[in-house]
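Here is how the chains run, residue by residue.
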Amino acid sequence: MFNDIGALELVTIVVLAILVFGPDKLPKVIQDVTGVIRKIRAFSDSAKADIRSELGPEFKDFEFEDLNPKTFIRKQLTENEDLKEIRSSFDLRKELNDVTDAVNSKETDPAPGATPAEGTGPDLLKKPAAPASNQAARFDADAT
């Protein structure tokens, strides 16, 4: 319940309790508070038992923690057999490894003078041939 209370906060609460109630009344206050907490827990346990008995035998494995939406969804996702089959058939790591292997296994550079394979298109890494020295570069006045 109080998982995030540190030592400094605990010391501060004790000092405030001593200042508010005084050292002589503090043990009686602590006993009263623990008694109230015990009564609340007993009331809660009896209410849970009453609800379980009213629900009947078909809800024998019912847990009140399942009413928490996060717990309910987590339980449904982990216990549903159909979802387990779907999850096992879809392996993202396997798919990523297949794509990585396909990318890494492509041919590096074809032999010089070899023509590219049919349907692969022009080699974009190859520098274009320089224009002949007797041929002037084209100039388009509209493009500039």
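The model shown is predicted, which means the values in this text are computed figures rather than measured ones.

Attention shifts here to the overall build of the chain. The secondary structure content of the chain amounts to five helices and zero strands. The buried share among the 144 residues of the chain stands at 5%. In the form shown here, the chain has an accessible surface area of approximately 14,000 Å², with 61% of it arising from carbon and sulfur atoms.

Throughout the structure, instances matching the rule amount to three salt bridges. Residue Asp-32 is joined to Lys-28 by a salt bridge in which the shortest nitrogen-to-oxygen separation is 3.3 Å. Taken together, the residues Asp-32 and Lys-28, both in helix 2 (residues 26–55) and four residues apart, mark about one turn of the helix. Overall, Asp-32 belongs to the partly exposed group, its relative accessible area being 40%. One salt bridge in this structure joins Lys-94 and Asp-98, with 3.4 Å as the shortest N-O distance. Of this pair, Lys-94 and Asp-98 both sit in helix 5 (residues 92–104), four residues apart, which is roughly one turn of the helix.

What follows covers the confidence of the model for the chain. Scored by pLDDT, the chain comes out at a mean of 78, with 76% of its residues at no less than 70. Taking the mean pLDDT of every element in the chain, the minimum, 71, falls on helix 4 (residues 81–89) and the maximum, 92, on helix 2.

This part is about the environment of Glu-65. The residue Glu-65 is located in the loop between helix 2 and helix 3 (69–79) in this model. For Glu-65, a relative accessible area of 44% corresponds to the partly exposed category. Excluding anything up to four places from it in sequence, Glu-65 contacts Lys-48 and Thr-71.

Reading the values: the criteria
The written sequence of each chain sets the order in which its residues are numbered from 1. Two thresholds apply to this predicted model, a pLDDT of at least 70 for residue-level local features and 80 or more for giving and counting side-chain atom pairs, whereas whole-chain, interface and lining totals are computed over all residues. Values reported for side chains reflect all heavy atoms of the structure, with hydrogen atoms and water molecules removed beforehand. Per the convention used, a helix needs a DSSP run of H or I reaching at least four residues, while a strand needs a run of E reaching at least two, with both numbered from the N terminus. Type-normalised accessible area, obtained with a 1.4 Å probe on protein chains alone, sets the label of each residue: buried when under 20%, exposed when over 50%, and partly exposed for intermediate values. Per-residue and other accessible areas follow the Shrake-Rupley method at a 1.4 Å probe size, with only the shown protein chains counted as cover for residues. Between Lys or Arg on one side and Asp or Glu on the other, a salt bridge is scored when a side-chain nitrogen of the former is within 4 Å of a carboxyl oxygen of the latter. A residue's pLDDT is the confidence the predictor assigns to it, expressed on a 0 to 100 scale. We call two residues in contact when some of their heavy atoms are within 4.5 Å.

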